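Descriptive structure summary
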Amino acid sequence: MSSAAVPAADRFEWFADVIAGELAPTELLDPPAGGFRAEAGAIELDAVLLSTFECSPCQSRRTPAQVRQNDPERFQFSLLTGSPMWLEQNRNGCEVNPGDMVLLDTAHANAAGALGEEHEIRNIVIQLPRNELPLPSDKTDRLLAQRISGESGMGAILAAFMTSLESHASECGPVERSRLGRVAVDLIGAVLAERSDTHDALSHEARGRILMERIDSFIDHNLGDPGLTPRLIADRHHISVRRLHQMFQDQEDSVAATIRRRRLEHCHTDLTRPELLTRPIGAIAARWGFGNPAVFSRAFREAYGISPSERRAHAADPGQP
């Protein structure tokens, strides 16, 4: 949905209606003098709703009367990707910057707004039914309108997951979307449990899925390390190698095959990048953890049916036979 199709004079009211329908009834305040623009999108992940919002700097307010009239009974977990903002809810308040996250509850009034007028407001929002989180309400109330960093630990994993959802969730089928919604709930629960010291409230299944996401992220961040092995992964996550292999039994590939596939995918991409056409193929392979050029070349041909040098040549001259 885009304000481009709406007359300029009606855009502010139009976006207020969009917010009311996608999040909860909310008043928009202080429209910018230079004109207002906005875009929004949403995709269902089973019981979870993924929404994206982008708009000109403004302020918003959800009043107690609006809460009494309409409470969707949802938590709203947002990742900020645009202008710095301030938020207030339930006697809590914070300022958040791009990369930060924040939790709101539709059961409480709130207020929010952009800090400055230089950049547009942009948010990725995951909405989930309040009863989906197994955490005590007194614990979650303390976390409302509190800055949650997306730079390290579980926060970084969740922020990366939300960014990936925005880019790719629409490409997935119903079954995959349902699974992604479940993972989203687990990761949000893990981040909030970590901050409220209530990790034991998470189910055994949820903790298993969270551990899998941690392992998945660890692999991605360490592909360039030639010493990345199942033993190293297991040791870093304080589990046995046997349990690690058991966790991958339901995955498409084994642990070792996952590492090799992702390394090859990165090499394949780098070999097609114009700015890297003069970089030695061996240097690209080494960057992604292949210490032996012959092993890399053989694995690449097995995966893609052509050699690394042929892949590069096709990228440099797509018209060649």
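The structure under discussion appears in the preceding block.
Residues numbered from 1 in each chain as written. Predicted model: local features only at pLDDT ≥ 70, side-chain atom pairs only at ≥ 80, totals over all residues. Heavy atoms only, no water.

1. Considering the packing of aromatic side chains
Spelled out, the test is: Pairing of aromatic rings covers Phe, Tyr and Trp, the last counted by its six-membered ring, and requires centre-to-centre distances within 6.5 Å; plane angles under 30 degrees mean stacked, over 60 mean edge-to-face, and any other angle means tilted. Only DSSP runs of H or I with at least four residues qualify as helices, and only runs of E with at least two residues qualify as strands; both kinds are numbered from the N terminus onward. Under the scheme applied here, a residue whose accessible area is under 20% of the maximum for its type counts as buried, over 50% as exposed, and between as partly exposed, the area being computed with a 1.4 Å probe on protein chains only.
As enumerated under the stated definition, the model contains six aromatic pairs in all. A ring pair is formed by Phe300 and Tyr304, whose centres lie 4.8 Å apart and whose planes are at 45°; its orientation type is tilted. Of this pair, Phe300 and Tyr304 both sit in helix 11 (residues 293–304), four residues apart, which is roughly one turn of the helix. Judged by relative accessible area, which is 0%, Phe300 ranks as buried. Taking relative accessible area as the criterion, Tyr304 reaches 32% and is therefore assigned partly exposed.

2. Some points on the packing of helix 4 (residues 153–168) against helix 6 (residues 204–221)
Our working definition: Each axis is a line fitted through C-alpha atoms, taken for helices only over the stretch in contact, and angles between the N-to-C directions span 0 to 180 degrees. Under this scheme an angle from 65 to 115 degrees is roughly perpendicular, one under 35 degrees roughly parallel, and one over 145 degrees roughly antiparallel; angles in between are oblique. When checking whether two residues touch, look at their non-hydrogen atoms; a contact exists if any pair is within 4.5 Å. Gly is placed with the polar residues, together with every amino acid not listed as nonpolar (Ala, Val, Leu, Ile, Met, Phe, Trp, Tyr, Cys and Pro) or charged (Asp, Glu, Lys and Arg).
The interhelical angle for the contact between helix 4 and helix 6, taken along N-to-C directions, is 80°, at an axis separation of 10 Å. Relative to helix 6, the element helix 4 is oriented roughly perpendicular. Contact residues: Met154, Ile157 and Phe161 in helix 4; Ile210, Glu213, Arg214 and Ser217 in helix 6. Residue classes in the contact of helix 4 with helix 6 are distributed as four nonpolar, one polar and two charged.

3. Examining the pairing of strand 9 (residues 110–114)
Cut-off, in case you're wondering: The rule for pairing is simple: two strands pair if DSSP sees at least two bridges between them.
The buried fraction of strand 9 is high, at five of five residues. Covered by surrounding structure in strand 9 are Asn110, Ala112 and Ala114 together with Ala111 and Gly113, the residues of both alternating faces. Where strand 4 (residues 59–62) and strand 9 come together, four bridges link them in antiparallel fashion. What sits directly across from Arg62, in strand 9, is Asn110.

4. Some points on the environment of Arg207
Note on placement: Arg207 falls in helix 6. By relative accessible area, which is 33% here, Arg207 ends up partly exposed. Separated by 159 residues in sequence, Arg207 and Val48 have C-alpha atoms that sit 19 Å apart.

5. A few points about the sheet that holds strand 10 (residues 121–129)
Overall, antiparallel pairing links the five strands, which are arranged 2-3-10-5-8 in an open sheet. Both edges of this open sheet fall to strand 2 (38–45) and strand 8 (101–105), since each of them pairs with a single strand only. Averaged over all neighbouring strand pairs, the angle between strand axes comes to 20°, with direction disregarded. Strand direction decides the pairing type here: strand 3 (residues 48–55) and strand 10, joined by seven bridges, are antiparallel. Opposite Leu50, over in strand 10, you have Ile126 as the bridge partner. Here helix 1 (residues 11–22) sits on the sheet and contacts strand 2, strand 3, strand 5 (74–80) and strand 10; the angle it forms with strand 3, its principal contact strand, is near 165°.

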